[in-house]
Structures are given as structure tokens and as C-alpha cells.
Amino acid sequence: MTGQIPLVFHGHRWPAARAVSGVIMTTGDGRQWSAREARGFWRSFPEVDVNDDAAKAGWVQRYGDPLGELAPSRPIGTTLWKNVALVLALFRDGWREPDQDGISHARKDSSLQAEADLFVRGMDVRLIFEPNLRLAARCAHLHDYMLASAAFMLANKTPMRRCDQCGHWYGFQRRTGRFCSGECRSAAARLRKDQGHVISA
């Protein structure tokens, strides 16, 4: 999905995060997660209501702090989130509205030169050699990874749709795909089981 080279990110999410009056705080050690390709949840970030403490805490619980500053001893504000959301919203315009199947296709004639300039100036993404001497692009923080994912997916004209379980956007390869992750697929299966139904993978 990311073309010639892997897009590498090692993130830290905070399941215990909570927000009070716009300030996000957390406890515990959090949980690490990693990726080696572009993922589509970047498109959901501009939809996070910056005035909704629960929505902001939910994002940090699932993906982490976009700027990588949150720690148990260091609460954070979210004022700068608006800047990240603004650039991602510009990239979002490179896709059409979802069709009758819920699939959003990249525009063939999209031209985002101004967005690309912002993208380059605001990112910390470095080319590295992995142990097997394969070239990779490594993102320093979550906002770098989201911006790089947006650019990679737009360049590859990756179709996108919303996850049936969490509602977040993801890039998909199978037209019958319905979930953004194995976690959401499992959650949907548990829900259907509780309701007495069986869900297909």
C-alpha cells in the first residue's frame, strides 16, 4: 500500500487517558503499537471534536497523543491538534464522497501542491536502512505518521471506507472488507455472538 518502501512507526497509546476541561492526563505505562504501512485512520482525525473531552481521550486511548508529548507526569493540552487536523482535512479533499457501497475513491485529478508543502515542512520522517539493508521511511511521532499515511495513500489512489465497528476510516484491498483491524473484527464478532448471531470474517 505504501509503494516502494515501508512506512514505519512505533507508537504509544494510553488506555488510561482521560480529559478534563481540554487537558489530557494519563496513568500507567500505556501500550506500544507499531505499523509498517500506511493506515487510513488519519482521515478520522479531523472529525474529532476538539470541544469533546471524551472524543479526545478516546483518540489517545486508541492511537496515542499526535504530538508524542503525553506522559503520566506530563498532562497535555490539545490546542495544536487543530493544526494537524487542518492539514489532514486538506488531504481528505483528495477523495470523493463515498459511493453506494460506502467506498471513497481518490480523485484522479487531485492537485495538492500547497498541502504537500505544508506536509514537508511539518514532518519528521527519515529514510533509514533496516537490518536487511532495505530502505524504509520512519516517522518520529503519530502526527508525522498520519501525514505520511495520507500522502502515501493519495499517491497510490488507495480506496477508503469506514469500519463497520468503530466508524473510523481505513484503506482496504478487498471490496468485501468491513473492518479496519482484527481488533474491530473480533469486537464485532463478540457483539454478534452476544446477540445470538454469527458474523462472517
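Cut-offs used in this document
Residues numbered from 1 in each chain as written. Predicted model: local features only at pLDDT ≥ 70, side-chain atom pairs only at ≥ 80, totals over all residues. Heavy atoms only, no water. Helix = DSSP H or I, 4+ residues; strand = E, 2+ residues; numbered from the N terminus. Buried < 20%, exposed > 50% of the residue type's maximum accessible area, 1.4 Å probe, protein only. 1 Å grid on protein atoms, 1.4 Å probe; cavity = no way out; pocket = protein on both sides within 12 Å on 5 of 7 lines; lining within 4 Å. Points joined across faces, edges and corners; volume = space filled by probe spheres on them. Nonpolar A, V, L, I, M, F, W, Y, C, P; charged D, E, K, R; others polar.

Draft legend 1. The arrangement of the environment of His10 in detail. With respect to the helices, strands and loops of the structure, His10 is situated in strand E1 (residues 7-13). By relative accessible area, which is 56% here, His10 ends up exposed.

Draft legend 2. Local environment of the layout of surface pockets. Within this model, the largest pocket holds a volume of roughly 380 Å³. In the lining of the largest pocket, the residues fall into 9 nonpolar, 6 polar and 6 charged. For the second largest pocket, the calculated volume is near 190 Å³. Looking at the second largest pocket, it is lined by 15 residues, and the ones nearest its centre are His10, Gly11, His12, Asp65 and Gly68. Class assignment for the residues of the lining of the second largest pocket results in 7 nonpolar, 7 polar and 1 charged.

Draft legend 3. Representation of unusual backbone geometry within the structure. Even without being a glycine, Leu133 presents a positive backbone phi close to 65°. Tracing the sequence through the fold places Leu133 in the loop between strand E5 (125-129) and strand E6 (135-139). For Leu133, a relative accessible area of 66% translates into the label exposed. Here Lys157, not a glycine, exhibits a phi torsion of approximately 55°, which is positive. Structurally, Lys157 is set in the loop between helix H4 (142-155) and strand E7 (160-162). On the basis of relative accessible area, Lys157 is assigned to the partly exposed category, the value being 36%.

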